[in-house]
Every structure is written in structure tokens, then in C-alpha cells.
Amino acid sequence: MAAELEEIKLEPLAICGIMGTALIPLCQYNMTKGEERHVVVQEILTELASKEVVIMGNTLVYTEGFDGFRVL
């Protein structure tokens, strides 16, 4: 029996921090087909707003220094 390969399409979301007037790229999250964009964005922003330090993939984000966050 031969194995089948299936490509999983990923939709990248760029997470940026806002410091004054600067938009600083922090990390990228790759959504899979089954995930709903608005749910993922809400979860990411809730984590960033409620904690002092957030680990996203291989990125450590100290949230205290930012005025806000944006998901593109």
C-alpha cells in the first residue's frame, strides 16, 4: 500500500507590536484550513493583552513595552 502525500495550505498571519508610531513585526502564525480567522485573531490578541510575557512559536514577546498589537 503506497502512502499519499497531501499539501496543507497555510494562511500566514503576521503579528506586529505598536510602539508609538512604529509597527514592529514580532512573529508569524500559520493558520490551517479548518481554523476560523476571527477566532484565531481573538485568541492571539487576548493572550497578548492579558500576559506580561507570551511565547509564540520560537518568539518570546514582552508585552509591557508595546502600546498595542495588530494582526495582519
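Worth saying up front: this structure is predicted, and the values here are computed from it rather than measured.

Procedures and definitions
Each chain has its residues counted from 1, following the order in which its sequence is written. Side-chain atom pairs in this predicted model are given and counted only at pLDDT of 80 or more, local residue features only at pLDDT of at least 70, and totals for whole chains, interfaces and linings cover all residues. Water and hydrogen atoms play no part in the side-chain values, which are based on all heavy atoms of the structure. Aromatic contacts are taken between Phe, Tyr and Trp rings whose centres are within 6.5 Å, Trp giving its six-membered ring; a plane angle under 30 degrees counts as stacked, one over 60 as edge-to-face, and the others as tilted. Here, strands pair whenever DSSP counts at least two bridges between them. What counts as a helix is a DSSP run of H or I of at least four residues, what counts as a strand is a run of E of at least two, and both are numbered from the N terminus. Comment: axis = line fitted to C-alpha atoms, over the contacting stretch for helices; angle = value between 0 and 180 degrees taken between N-to-C directions. The patches reported here contain residues having more than 30% relative accessible area and no salt bridge. Joining distances are 9 Å for like charges and 5 Å for nonpolar side chains (Val, Leu, Ile, Met, Phe, Trp, Tyr). To measure how exposed things are, a 1.4 Å probe is used in the Shrake-Rupley method; for residues, cover is taken only from the protein chains shown. Counted as salt bridges are all cases of a side-chain nitrogen of Lys or Arg within 4 Å of a carboxyl oxygen of Asp or Glu.

### Some details on the packing of aromatic side chains
Where two aromatic rings form a pair, the distance of their centres and the angle of their planes describe that pair.
Turning to step 1, where the next piece is worked out: Overall, the coordinates contain 1 aromatic pair when judged by the stated rule.
Turning to step 2, where the next piece is worked out: With centroids separated by 5.4 Å and ring planes inclined at 50 degrees, the aromatic side chains of Phe 66 and Phe 69 adopt a geometry described as tilted.

### Describing the sheet that holds strand β2 (residues 22-31)
Turning to step 1, where the next piece is worked out: The strand order β2-β1-β5 describes an open sheet built from 3 strands, whose pairing is antiparallel. Only two strands of the sheet have a single partner each, and these edge strands are β2 and β5 (68-71). In this sheet, adjacent strand axes meet at a mean angle of 25 degrees when their direction is disregarded.
Turning to step 2, where the next piece is worked out: Where strand β1 (residues 11-19) meets β2, 9 bridges bridge the pair, whose relative direction is antiparallel. Bridging across to β2, Met 19 finds its partner in Ala 22.

### Here we look at a nonpolar patch on the surface
Turning to step 1, where the next piece is worked out: Taken together, the side chains of Val 53, Ile 55, Leu 60 and Tyr 62 present a nonpolar region at the surface, about 420 Å² in accessible area.
Turning to step 2, where the next piece is worked out: Every element with two or more residues in the nonpolar patch is listed here: β3 (53-56) and β4 (59-62).
Turning to step 3, where the next piece is worked out: Along the chain, Ile 55 turns up in strand β3.

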